[in-house]
Amino acid sequence: MTNGKQIKNKELLKMFCDERIETALQTRILNKKEYSDMNKESIEIYAYAQQLGFTAKQFLVFDQAVAIANARGGMYGDEAYYQGFEDGIRLLSEILHIKPTVIDTAALKPILELLQSKL
C-alpha cells in the first residue's frame, strides 16, 4: 500500500452513497412527476391547515410533526440506499471471491475520478 490515508470499506461506501444521494439521486427524484405532485399536495395541506385557524402554537406543533415524519422517512431512505449498495458489494465480492478490508485512498483516487466522470 502507498502512504495514503487508509479507510475501512464501510466508511468508503458511506462516502460514496452520501455523494450519490446528494447528486444523482437528488437530480433523479426532482425529475419525477410523482415527487412534484407530492410537493404540490404538501403545499395544499399546509394552506388548508392555515385556513383551519390554527393558532401560531398549534401550527408550530403541526409543522414539527411533519418535519419529524419527513426526517424519519429521509433517514429510512438513506439507510435503504446504503444497505442496497452494501448488499450489492457483498454479493459481487462473493461472486469474485474477494474480501477487501482496507482501501488505500491514494490508490482509490483515480477510480473515484473515473466513476465521477461517468456519472
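What you see is a predicted model; the values in this text were computed from it and never measured.

Undergrad: In this structure, what is going on with the overall build of the protein chain? I would like to understand it.
TA: Along the backbone of the protein chain there are four helices and two strands. Counting helices and strands in the order they occur from the N terminus, the protein chain gives β-α-α-α-β-α. The buried share among the 119 residues of the protein chain stands at 11%. Put simply, of all contacts in the protein chain between residues at least 6 apart along the chain, 76% involve residues at least 24 apart. Element-wise, carbon and sulfur atoms account for 62% of the exposed surface of the protein chain, whose accessible area totals about 9,700 Å².

Undergrad: Help me out: how do you make sense of the packing of aromatic side chains in this one?
TA: Here a ring pair, both rings aromatic, is described through the centre-centre distance and the interplanar angle of the planes. For the coordinates displayed, the defined rule picks out four aromatic pairs. An angle of 70 degrees between the planes, with centres 5.7 Å apart, marks the rings of Tyr46 and Phe59 as edge-to-face. One end of the pair, Tyr46, is in helix α2 (residues 33–51); the other, Phe59, is in helix α3 (residues 56–96), and 13 residues separate them in sequence. Take Tyr46: its relative accessible area is 21%, and that puts it in the partly exposed class. Ring centres 5.4 Å apart and planes at 65 degrees place the aromatic pair Tyr46 and Phe62 in the edge-to-face group. With Tyr46 in helix α2 and Phe62 in helix α3, this residue pair connects regions lying 16 residues apart in the sequence. Of the residues examined, Phe62 reaches a relative accessible area of 23% and is grouped as partly exposed. Through successive ring pairs, a cluster of aromatic residues spans Tyr46, Phe54, Phe59 and Phe62.

Undergrad: Which parts of the structure should I look at to understand α2?
TA: Given 3.6 residues to a turn, an α-helix orients residues that are three or four positions apart in the same direction. For α2, with 19 residues, the first-to-last C-alpha span of 27 Å sits near the 27 Å given by 1.5 Å per residue. Backbone geometry just downstream of α2 places Gly53 in the positive-phi region, at approximately 85 degrees.

Undergrad: In this structure, what is going on with a negative patch on the surface? I would like to understand it.
TA: A cluster of acidic residues, Glu19, Glu22, Asp78 and Glu79, forms a negative patch at the surface. On the secondary structure map, Glu22 appears in helix α1 (residues 9–30). In this structure Glu22 comes out as exposed when scored by relative accessible area, which is 58%.

Conventions used here
- Each chain has its residues counted from 1, following the order in which its sequence is written.
- Whole-chain, interface and lining totals are the exception, using all residues; otherwise, since this is a predicted model, local features are given only for residues with pLDDT of at least 70 and side-chain atom pairs are given and counted only at 80 or more.
- The basis for every side-chain value is the complete set of heavy atoms in the structure, and neither hydrogens nor water enter the calculation.
- A run of H or I in DSSP becomes a helix once it reaches four residues, and a run of E becomes a strand once it reaches two; helices and strands are each numbered from the N terminus.
- Think of it in three bands: with a 1.4 Å probe and only protein chains considered, a residue is buried below 20% of the maximum accessible area for its type, exposed above 50%, and partly exposed in between.
- Contact definition: two residues touch when any of their heavy atoms are within 4.5 Å.
- For accessible areas, the Shrake-Rupley method is used with a probe of radius 1.4 Å. Any residue's cover is judged against the shown protein chains and nothing else.
- Stacked, edge-to-face and tilted labels apply to pairs of Phe, Tyr and Trp rings (six-membered ring for Trp) whose centres lie within 6.5 Å, assigned for plane angles under 30 degrees, over 60, and everything in between, in that order.
- A helix is expected to span 1.5 Å multiplied by its residue count minus one.
- Two joining distances apply to patches: 9 Å for like charges and 5 Å for nonpolar side chains (Val, Leu, Ile, Met, Phe, Trp, Tyr), and every residue must have over 30% relative accessible area and no salt bridge.
- Basic side-chain nitrogens of Lys or Arg form a salt bridge, by our definition, when they fall within 4 Å of a carboxyl oxygen of Asp or Glu.
- When charges are counted, neither His nor the chain ends are considered; positive counts come from Lys and Arg and negative counts from Asp and Glu.
- One atom stands in for each charge, and that atom is NZ of Lys, CZ of Arg, CG of Asp or CD of Glu.

Limitation: the analysis is restricted to geometry and does not speak to function.
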